[in-house]
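Letter by letter, the chains look like this.
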Amino acid sequence: MNNTAAIAAGVLAALTAAAQAGPVAPQAGKEKCYGVALAGKNDCAAGPGTSCAGTSKANYQGDAWKYVDAGACVSIKTPKDGFAHAAKGLIVMRPTAGIGFKPIHFEEAVACPAAGLWFEVHAENYMVAGGPRIAMLEALRAERPLSLHGVGLSLAGAEKINPEHLARLRDLVERVEPLLVSEHLAWSRVGETCLPDLLPAPRSNEALQCLARNIDQTQEALRRRILIENPSHYMPLPDHDWDEPAFLRELVRRTGCGLLVDVNNVWVSANNLGYSPRRYIDALPARDIEEIHIAGHRPDAVHGGALLIDSHDAPVAEPVWRLLGALLSRVGEVPVLLERDGDVPPFSNLLAERDRAAAYLADRGEFAHAC
Ligand SMILES: [Fe+2]
């Protein structure tokens, strides 16, 4: 069996297994049970040393939940030390480093006992009403926190958000109660034409107004803060009124959104456009950074290292690891997500790379070497 056939067979097996297992929710006689209560109050701070001794039926902070027999939630006790993965019990977990989820890894992802592991999915792959794909996602969500990473809202377009797309995203958010929701500083739609890419926009005052309007509309529809990711750049664009860190800071100020900082995108863009990646991340508002992406890149086939491509098909490069260390020394314990979208290796390879990110999180500052 060649590689493509093996992957296709794996996807089919995972989807079939999920379909046979049936949706995790809703189920007759079941209820959602969250492990976020502190001494009977629903205000667990979810910080180091917090003792989550109780349970809750209400989700106040986006923690993991599971379905239990109706009426049983209040009798389930979370681990006293909190944030540990209890294989068959309630999960109360502090998310540390996560992995971009791929259906071929479904069974290993659900069974993986790594502390702090969480997963991210592209929202558009799951914006459907039901079926095996949603069943798989709900089965994963019952075990681990999820984040939704949108790629199709076209926030930086001149047009308003497509209301149908936004409604489907809202339905998915309500269904899986994600840890985080993020989108891009990019556009991909003109009228009825959707382009399969994340295209750059000028950082003009006019674009800022449109973007802020679209982020406002999204946050109001989802009733939550979203994070905006910095893009990868391959060529300089004219007509900027703002540098990118200042533009992102202003977006945060106007809309109350947060930031997802992709350090691979920073490294690729700084290389391609010729600026300091360290100066870029030092100019970002640390307290508004709620998620970090790491990924691999490749030199362009024609231009070599002078033009790096944000390919997501290789391990994270060493300079990107150093940049991650520098950023973590500024922002503290922010969830880090490993993206891998091409030449996808076995789950164990991704987990090893993810574990390195978890080590960086546990040892912030030690890795903050000059880059
Ligand atoms: Fe990213």
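Owing to the predicted nature of the structure, the values given are computational and were not obtained by experimental measurement. (Residues numbered from 1 in each chain as written. Predicted model: local features only at pLDDT ≥ 70, side-chain atom pairs only at ≥ 80, totals over all residues. Heavy atoms only, no water.)

1. Considerations on the sheet that holds strand β11 (residues 289-294)
The 8 strands are arranged β3-β4-β5-β6-β9-β10-β11-β14 in a closed barrel whose pairing can be described as parallel. When the angles between neighbouring strand axes are averaged without regard to direction, this sheet yields 30°. Pairing of strand β5 (residues 146-149) with strand β6 (residues 180-184) involves 3 bridges; the strand directions are parallel. Opposite leucine 148, over in β6, you have valine 181 as the bridge partner. The strands touched by helix α9 (residues 318-331) are β10 (258-262), β11 and β14 (336-338); relative to β11, the strand with the most contacts, the crossing angle is about 170°. (Pairing = 2+ DSSP bridges. Helix = DSSP H or I, 4+ residues; strand = E, 2+ residues; numbered from the N terminus. Axes fitted to C-alpha atoms, helices over the stretch in contact; angles between N-to-C directions. Contact = heavy atoms within 4.5 Å.)

2. Some thoughts on the coordination of the iron ion
Here the iron ion is held by the protein donor atoms Glu229 (OE), Asp262 (OD), His293 (ND1) and Glu339 (OE), which lie 2.1 to 2.3 Å from it. Classification of the site at the iron ion rests on its 4 donor atoms, whose angles at the metal span 86 to 171°, yielding the label irregular. Written as a sequence motif, the donor residues of the iron ion are E-x32-D-x30-H-x45-E. Taken as a pair, glutamate 229 in strand β9 (residues 227-229) and histidine 293 in strand β11 lie far apart in primary sequence, 64 residues in all. (Donors = N, O, S within 2.8 Å, 3.2 Å for Na, K, Ca; no water. Tetrahedral: all angles 85-135°; square planar, octahedral: opposite > 155°, others 65-115°.)

3. A short note on the confidence of the model for the protein chain
Overall, the prediction assigns the protein chain a mean pLDDT of 81, with 74% of residues at 70 or greater. Contacts from residues 1-26, a stretch scored under 50 in pLDDT, to residues over four places away or in other chains number 25 contacts. Note on residues 76-92: pLDDT is under 50 here. Beyond four places in sequence and across chains, it has 46 contacts. (pLDDT = per-residue confidence, 0-100.)

4. Describing the pattern of salt bridges
The final tally for this structure, using the stated rule, is 14 salt bridges. Ionic pairing is found between glutamate 250 and arginine 254, a salt bridge with its closest N-O pair at 2.8 Å. Residue glutamate 250 and its partner arginine 254 are located together in helix α6 (residues 244-255), separated by 4 residues, close to a single helical turn. Put simply, Arg225, Asp288 and Glu290 are held in one network by salt bridges that share partners. (Salt bridge = Lys/Arg side-chain N within 4 Å of Asp/Glu carboxyl O.)

5. Some remarks on unusual backbone geometry
Phi angles above zero are rare outside glycine, and serine 154 is one such case at about 55°. Turning to its location among the elements, serine 154 is positioned in the loop between β5 and α4 (163-176). The residue glutamate 177 is not glycine, and still its phi comes out positive at about 45°. Its place among the elements puts glutamate 177 in the loop between α4 and β6.

6. Some details on the side chain of threonine 96
Looking at the element boundaries, threonine 96 is found in the loop between β2 (65-69) and β3 (97-100). With a relative accessible area of 16%, threonine 96 lands in the buried category. If we ignore the near neighbours within four places in the chain, the residues touching threonine 96 are Ala115, Gly116, Leu117, Trp118, Glu333, Pro335, Val336, Arg354, Ala358 and Leu361. (Buried < 20%, exposed > 50% of the residue type's maximum accessible area, 1.4 Å probe, protein only.)

7. Considering the packing of helix α3 (residues 132-141) against α4
It is at 10 Å that the axes of α3 and α4 come closest, and there the two elements cross at 40°. Here α4 runs oblique to α3, going by the angle between their axes. Note on element contacts: α4 touches α3 through Leu172, Arg175 and Val176, opposite Ile134, Leu137, Glu138 and Arg141. Class assignment for the residues of the contact of α3 with α4 results in 4 nonpolar, no polar and 3 charged. (Parallel < 35°, antiparallel > 145°, perpendicular 65-115°, else oblique. Nonpolar A, V, L, I, M, F, W, Y, C, P; charged D, E, K, R; others polar.)

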